There are 2 protein chains.
Amino acid sequence: MPVTAPAEEQLFALQTSGMLDRLARLPGFEDAQEEMVTAILDGANALANDRFAALHAIGDTEGARWSTEGVTLPKGFAAAYQAYVEGGWGSLSAAPEAGGQGLPAVLGVAVQEQLASANMAFQLCMMLTLGGIEALSVHGSDDQKALYLPRIVSGEWTATMNLTEPQAGSDVGAVRTSATPADGDAWHIKGSKIFITWGEHDLAANIVHLVLARTPDAPAGTKGLSLFLVPKFLPDTDGTPGARNGVDCAAIEHKLGIHASPTCTMIFGEAQPAIGWLVGPRHGGIAAMFTMMNHARLNVGLEGVAIAERAYRDALAFARERVQSAGFDASREPQPILAHADVRRMLMTMRARAEGCRALVYHAVAALDIAHADPDPAARADAKTLADLLTPIAKAFATDSGVEAASLGIQIGGGMGYIEETGLARHLRDARIAPIYEGTNGIQALDLVGRKLRMDGGVGWRAFIEEMAAGAIADGELTAGAKTLARAVATLRETAGKLYAMAPAEAAGGATPFLRMFGLTVTAHLLLQQAKVAATRIGGGDDTPFLRAKIATARFACEQLLPEMFGLVPAATGGTALLYPEGDPLFAG
Amino acid sequence: MPVTAPAEEQLFALQTSGMLDRLARLPGFEDAQEEMVTAILDGANALANDRFAALHAIGDTEGARWSTEGVTLPKGFAAAYQAYVEGGWGSLSAAPEAGGQGLPAVLGVAVQEQLASANMAFQLCMMLTLGGIEALSVHGSDDQKALYLPRIVSGEWTATMNLTEPQAGSDVGAVRTSATPADGDAWHIKGSKIFITWGEHDLAANIVHLVLARTPDAPAGTKGLSLFLVPKFLPDTDGTPGARNGVDCAAIEHKLGIHASPTCTMIFGEAQPAIGWLVGPRHGGIAAMFTMMNHARLNVGLEGVAIAERAYRDALAFARERVQSAGFDASREPQPILAHADVRRMLMTMRARAEGCRALVYHAVAALDIAHADPDPAARADAKTLADLLTPIAKAFATDSGVEAASLGIQIGGGMGYIEETGLARHLRDARIAPIYEGTNGIQALDLVGRKLRMDGGVGWRAFIEEMAAGAIADGELTAGAKTLARAVATLRETAGKLYAMAPAEAAGGATPFLRMFGLTVTAHLLLQQAKVAATRIGGGDDTPFLRAKIATARFACEQLLPEMFGLVPAATGGTALLYPEGDPLFAG
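Each chain carries its own residue numbering, running from 1 in the written order of its sequence. Written order decides the labels, with chains lettered from A and ligands numbered from 1. Only residues with pLDDT of 70 or above have their local features reported here, since the model is predicted, and side-chain atom pairs are shown and tallied only from 80 upward, although totals for entire chains, interfaces and linings are computed over all residues. Side-chain figures throughout are based on the complete set of non-hydrogen atoms in the structure, without hydrogens or water.

A. Seen up close, the overall build of chain A. Along the backbone of chain A there are 21 helices and 14 strands. Just to be clear, the radius of gyration here is over C-alpha atoms, and the globule rule we use is 2.2 Å times residues to the power 0.38. Here chain A has a C-alpha radius of gyration of 24 Å; the compact-globule value for 589 residues is 25 Å, and the two agree. Burial classes: relative accessible area under 20% of the type maximum marks a residue as buried, over 50% as exposed, and values in between as partly exposed (1.4 Å probe, protein chains only). The 589 residues of chain A split such that 65% are buried. Two residues qualify as a contact provided that any one of their heavy atoms is within 4.5 Å of a heavy atom in the partner residue. Of the contacts made within chain A by residues no fewer than 6 positions apart, 75% connect residues no fewer than 24 positions apart. As used throughout, the charge tally considers Lys and Arg to be positive and Asp and Glu to be negative, leaving His and the chain termini uncounted. Working definition for charges: the position is that of NZ of Lys, CZ of Arg, CG of Asp or CD of Glu. The averaged location of the 64 negative side-chain charges in chain A is 5 Å from the averaged location of its 47 positive side-chain charges. Only runs of H or I of at least four residues qualify as helices and only runs of E of at least two qualify as strands under DSSP, and these elements are numbered from the N terminus.

Below, the structure is given as structure tokens:
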């Protein structure tokens, strides 16, 4: 039984929330037609289920291993990675001039989702590499692009992001790693980085580290950061990896989950100099980071989607097999637990979260595609505004949903869910990182309330809320859901208005509940729009279980899950007074 | 820094929600005066923090180990267990005739909470033993009581509950283990049991297994179950453990958490006969189970309290130390993350859950004490009804809260929370079992809606709701919270009425959201009553940070957490229609 979303679901989500038809009309994206998209999704589905999923258990139990020689992955990873490279899966959305296929990013995202559902820890290697491609594409010099990009795009080499240091986590401006001028345009990088995902491994011929460091003349804080390219092996001008550079993995972390993803402590310039080259202008490091941030955050949101889908599929398979207790039917015979209403509530919740968050992530990524490719500057600007608004919501709400779904999956498994052999518990261990990295979900909420609500004088979110309001109309069996959605949109409008009018320091107190209100509303909205398309197709005679399920999911999301948002209003609008109580020992700490 | 609730908090919770003054006026409980209670809490606090907490990390990383010789615990467990036995900690609430101290159960619960906060996996050994004491006290013969009870009460021997079999989890009526008559009043037990907590270990001289099995003449289902006592070593009449009985641990599980708690597969009568004796009447097994169930479920709810408190304390300590990012103050200097509003929201949520669920569990256990000890039959009956009503809510809401708090603790830790060395992730792994065992939380919700709402024609819940309504009045800074509580109680009354009027099969669809509505309301209610006591004391001149914090917690719980319940009404009252959508592939499964 496949453990990832069916291609049918991904195609439908791409065609509706992912705005595929609109994308296919943009210059450069003409190839993104249904037939080709289906072939890509089917291929990715096979790679994910046949190759990546098979390595999930061993990746978790054996994990990445460190020695003084480097980091090794369990047997099978290198061959599966090779299959990924040979299939050209990493190059789908890269620019043709770098050897890419130039397809919309949202298609690449659908492919990556398959791999993450099958093996989240493994897919992180691809995710980081895609981030490196983006950074070099936008900020790299022509020489850097010529030498590095094609090899990273093909997957022959992988890439990493080296930001975090012990004292500099969420506070990236506290970075201390130094860069001093060396021969020619080279620099010597010195310092250590922690939590570097796939910082060292044995799957690729070279690893290209992108490192935030501080030049001698740098001002304090984020403004003084520069981005450097530090390859593991120094390539010749023809791209052959040569001498080993002075960058080493000193240790890997022992983590709750994603054991196959080596989380490395990287040491630069300890035994020998670590040679690097500036990417983009000096002191332009933070700008380069911001360039990548939108895609990176959406890619982490995608992990939430992937793990929610995986947890749903595994729990559904379990619930179909596990016979236990009589239901309310006349037979009084023990039944598969899928028959029990409370188990179904959990499964429907998981499905609604997975499909709702998929819709949200695809919608935001498609907006980035439009912002990149639409010839009309106004359309590009509108799409950029939408993507900016949705990014923190997609990152935080989808990753929270991944954790929620994984936890429900364990609950459905009962005692069997709690023992490791069934694999249900692994999803929770894996999922739990996603609300933390690439900006904690608390930081996403502050970004939403402090920055995104305030950009362009609030024009962006007001426009999107009016779009949701206009969509909150439906007939037939979707009537009740649409009515709840209309109420929710009105409540969201009012709540956003209150936060917009508050001082930022006050609004911060309600940022997380507000983000959740937004997440519940926008996912219900997107699922309702999908369901209306499904209803139209059914009305046209195309009555399939898949389309029926789309309506059922949207109804459940709108009628039963969405109302949670009404209960969050007091917390979202309450400011900070109750969080800083006078005379309280918590405050005294 | 202590990792468990301060004695001050436990005493206050006992005196308010735990009805300690009322208990101390009941015959037999006269010793439960403030001075003695404080001494007990201080002693338990020391045992927990000095001995049990120190074994938390090694218990997790090394864990219980199985060999053909049996199960061994890491170094230090045996000595700490001996300290528990020598301190008489297990005998607090047991009957004096069995060597116990005859104190209210709620006091024993406060002590066990300390141990569970310090080391949940270890405390499970005590929890199971306390369950065995209860079963034998109520259902054992005089001979069984004389031979076994004093040794189990002292802790010299431990006890287990052997219910689950591979095909019989939630569906206990599917048990197949057989009992056939042997010499005299002895029986031969044959079969295997899984998931037996602390079924085998090296801490005590003997282990007394209580085993559900089926006699040859037994009817099908739960009505045919009998309870048997099967000691690991067959004792002489003077209680000296003699020959090894035919019960063996064949394996232990590899679980997500609670690694120091051996979860055993027990084999009865394989190599040699397993000799057992009937406890209570033949076919009385399910009745014996129900006797124990109230305390057992509340004891599991207590684990939720314990882990929420522990996660709160560890996260608070982390948030005080970890310096990261500037806040909104004028300095713009990096601050401990405790200064950030969103971190405080997480900490306040954890604290409100821990203290609210503590109040709930203590309240329900104290009601059981009254139901047991009050000379007035009407008072006993009312208290029993209250305990019956609150038990599923306490079990499910408190264990869900334990998971929620542990997850928030990881979030506060950020990247450090996700690596195992900080210990924050361990709490989530440990906490995740509690919503599953002793009746899954879904089963608790069905118990609430299907049984507890319907008992006595609904008199019980209506009376409790009116009590909450009467308490939803306060002045000063508690006014707003009390108003929200009054609205919530009215909503709960209306929702309960709708479910009461529904067919049970329909009501089952909303059972879980309804239980959560009830849990949010009753914990806010109990915290508000605590805060009113605190306000009175502050008004009387006793202005301490602890009492200030009580008011802050109650305000946060009532004004910001409680409103979640309003958003759950549609799911609670929606019946099952949206859970069984026609034509949906989920349904088709």
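Once you've had a look at it, read on.
B. Highlighting the relation of the copies chain A and chain B. Once chain A has been moved 0.0 Å along the axis and rotated by 180°, it coincides with chain B to within an RMSD of 0.0 Å. These values place the two chain copies in the arrangement generated by a two-fold rotation axis. Distance from the rotation axis, computed per C-alpha, reaches its smallest value in chain A at Gly-567 of chain A: 2.4 Å. Both copies share a contact surface, since 100% of the interface residues of chain A are interface residues in chain B too. Least squares is used to superpose the copies, and the fit set is the C-alpha atoms of residues whose pLDDT is at least 70 in both copies.

C. Quick peek at the nonpolar core. In terms of nonpolar packing, the biggest core is built from 420 residues, with Leu-347 of chain A together with Leu-347 of chain B touching the most fellow members. Other than its neighbours up to four places away in sequence, Leu-347 of chain B contacts Leu-586 of chain A together with Tyr-312, Ala-315, Leu-316, Ala-319, Leu-338 and Ile-412 of chain B. For this analysis, a nonpolar core means a set of buried residues of the types Ala, Val, Leu, Ile, Met, Phe, Trp, Tyr and Cys, connected via side-chain atoms within 4.5 Å.

D. Up close: helix H11 (residues 377-413) of chain A. Residues and elements named next belong to chain A. With 37 residues, H11 extends 51 Å between its outermost C-alpha atoms, agreeing within 8% with the 54 Å of an ideal straight helix rising 1.5 Å per residue. Along H11, the sharpest change in direction is near 35° and occurs at Leu-390; proline Pro-392 comes one to four residues later. We call two N or O atoms a polar contact when they sit within 3.5 Å, provided that within protein one can donate a hydrogen and the other can accept it, with sequence-adjacent residues counted only if both atoms are side-chain atoms. By the N-cap criterion, in which a side-chain oxygen at the helix start approaches the backbone nitrogen of a residue two or three places on, H11 is capped by Asp-376, the distance to Ala-378 being 3.0 Å. Two residues or fewer past H11, Gly-414 is found with a positive phi of approximately 60°. Every helix has an expected span of 1.5 Å times one less than the residues it contains. What the bend at a residue measures is the angle between two axes, fitted to the seven residues ending there and to the seven starting there.

E. Local environment of the interface of chain A and chain B. On the chain B side, the residues contacting the 87 residues of chain A number 87 residues. The term buried area means the drop in 1.4 Å probe accessible area that two parts suffer when joined, counted for both and summed. Of the roughly 7300 Å² buried between chain A and chain B on both sides combined, carbon and sulfur atoms contribute 61%. For the chain A face of the interface with chain B, the top three residues by lost area are Tyr-418, Leu-578 and Leu-586 of chain A, together amounting to 12%. Salt bridges, as used here, are contacts in which a Lys or Arg side-chain nitrogen is within 4 Å of a carboxyl oxygen on Asp or Glu. On inspection of chain A and its partner chain B, the count reaches two salt bridges. Between Asp-584 of chain B and Arg-351 of chain A there is a salt bridge, with the nearest N and O atoms lying 2.5 Å from each other. Counting across the interface, chain A meets chain B through 38 residue pairs in polar contact (both at pLDDT 80 or more). Each residue is assigned to one of three groups, with Ala, Val, Leu, Ile, Met, Phe, Trp, Tyr, Cys and Pro labelled nonpolar, Asp, Glu, Lys and Arg labelled charged, and all others, Gly among them, labelled polar. Here the side of chain A that touches chain B is built from residues that sort into 43 nonpolar, 24 polar and 20 charged.

F. Up close: the packing of aromatic side chains. Residue and element names in this part refer to chain B. Centres within 6.5 Å are what make two rings of Phe, Tyr or Trp a pair, Trp counting through its six-membered ring; a difference in plane orientation under 30 degrees is then read as stacked, over 60 as edge-to-face, and the rest as tilted. Following the criterion strictly, the structure yields 20 aromatic pairs over all chains and no others. Geometrically, the ring pair formed by Phe-464 and Phe-518 is stacked, given 6.4 Å between the ring centres and 20° between the ring planes. Linking Phe-464 in helix H15 (residues 459-471) with Phe-518 in helix H18 (residues 511-539), this pair joins segments that are 54 residues apart in sequence. Per residue, the accessibility class of Phe-464 equals that of Phe-518, and both read buried.

G. Expanded view of the pairing of strand S4 (residues 178-181) of chain B. Residues and elements named next belong to chain B. In terms of strand pairing, S4 meets strand S5 (residues 186-197) through four bridges, oriented antiparallel. The partner of Ser-178 across the bridge, within S5, is Lys-190. We treat two strands as partners when DSSP finds at least two bridges between them. In sequence, S4 turns back onto S5 through a hairpin of four residues, with Gly-184 there showing a positive phi of about 55°.

H. Expanded view of the pattern of salt bridges. All names here are of chain A. Evaluation of the coordinates by the stated rule reveals 54 salt bridges over all chains. In this structure, Glu-165 engages Lys-193 in a salt bridge whose closest nitrogen and oxygen atoms are separated by 3.0 Å. Here Glu-165 is found in the loop between strand S3 (157-162) and strand S4 (178-181), whereas its partner Lys-193 is found in strand S5 (residues 186-197), with 28 residues between them in sequence. Each member of the pair, Glu-165 together with Lys-193, is buried.

I. Looking closely at the packing of helix H3 (residues 34-52) of chain A against helix H5 (residues 77-86) of chain A. Residue and element names in this part refer to chain A. Throughout, an axis means a line fitted to C-alpha atoms (over the contacting stretch in the case of helices), and angles, computed between N-to-C directions, take values from 0 to 180 degrees. For the pair H3 and H5, interaxial distance at closest approach is 11 Å and the crossing angle is 170°. Taken together, the axes of H3 and H5 lie roughly antiparallel to each other. Within the contact between the two elements, H3 uses Leu-47, Arg-51 and Phe-52 and H5 uses Ala-79, Ala-80, Ala-83 and Tyr-84. An angle below 35 degrees is treated as roughly parallel, one above 145 as roughly antiparallel, one from 65 to 115 as roughly perpendicular, and anything else as oblique.

J. Spatial organisation of the UniProt feature "domain: Acetyl-CoA dehydrogenase-like C-terminal" (unreviewed entry) in chain A. UniProt positions are given in the numbering used here, feature names are shortened, and annotations may be inferred rather than shown by experiment. Cross-referencing UniProt, the feature "domain: Acetyl-CoA dehydrogenase-like C-terminal" (unreviewed entry) maps to residues 465-576 of chain A in the present numbering. Helix makes up 76% of residues 465-576 of chain A and strand makes up 0%, while its end C-alpha atoms are separated by 26 Å.

K. The environment of Leu-408 of chain A, seen in detail. Position of Leu-408 of chain A among the secondary structure elements: in helix H11. In sequence terms Leu-408 of chain A and Ala-308 of chain A are 100 residues apart; their C-alpha atoms lie 9.7 Å from each other.

L. How the structure looks around the UniProt feature "domain: Acyl-CoA oxidase/dehydrogenase middle" (unreviewed entry) in chain A. As annotated in UniProt, the feature "domain: Acyl-CoA oxidase/dehydrogenase middle" (unreviewed entry) corresponds to residues 161-268 of chain A in the numbering used here. What you have in residues 161-268 of chain A is 0% helix and 49% strand, and the ends, taken at the C-alpha atoms, are 14 Å apart.

M. Broad picture of the side chain of Gln-114 of chain B. Residues and elements named next belong to chain B. Structurally, Gln-114 is set in helix H6 (residues 105-118). With relative accessibility at 0%, the residue Gln-114 sits in the buried group. There is a polar contact of 2.6 Å between the side chain of Gln-114 and the side chain of Thr-4. When sequence neighbours within four positions are dropped, the list of residues in contact with Gln-114 reads Thr-4, Ala-5, Gln-10, Ala-44, Asn-45, Ala-48 and Asn-49.

N. Expanded view of the environment of Lys-190 of chain A. Residue and element names in this part refer to chain A. Secondary-structure assignment places Lys-190 in strand S5. Here Lys-190 falls in the partly exposed class, since its relative accessible area comes to 47%. For the pair formed by Lys-190 and Gly-269, sequence separation is 79 residues and the distance between their alpha carbons is 4.8 Å. Apart from the residues lying within four places of it in its own chain, the contact partners of Lys-190 are Thr-177, Ser-178, Phe-268, Gly-269 and Glu-270. A polar atom in the side chain of Lys-190 sits 3.1 Å from the backbone oxygen of Gly-269.

O. Here's a closer look at H6 of chain B. The terminal C-alpha atoms of H6 of chain B lie 20 Å apart, and with 14 residues this matches the ideal 20 Å at 1.5 Å per residue to within 8%. Among the 14 residues in H6 of chain B, 14 count as buried, and that is most of the element.

P. Layout of the packing of helix H1 (residues 7-15) of chain B against helix H19 (residues 545-561) of chain B. Residue and element names in this part refer to chain B. Put simply, H1 and H19 touch, their axes get as near as 11 Å, and they point 60° apart. The orientation of H1 relative to H19 falls into the category oblique. Note on packing geometry: the crossing formed by H1 with H19 is right-handed. Each of Glu-8, Glu-9 and Phe-12 in H1 lies in contact with H19, whose residues at this interface are Phe-546, Leu-547 and Lys-550. Residue composition of the contact of H1 with H19, grouped by class: three nonpolar, no polar and three charged. Should the near helix be turned anticlockwise from the far one by less than a right angle, the crossing is left-handed, and should it be turned clockwise, the crossing is right-handed.

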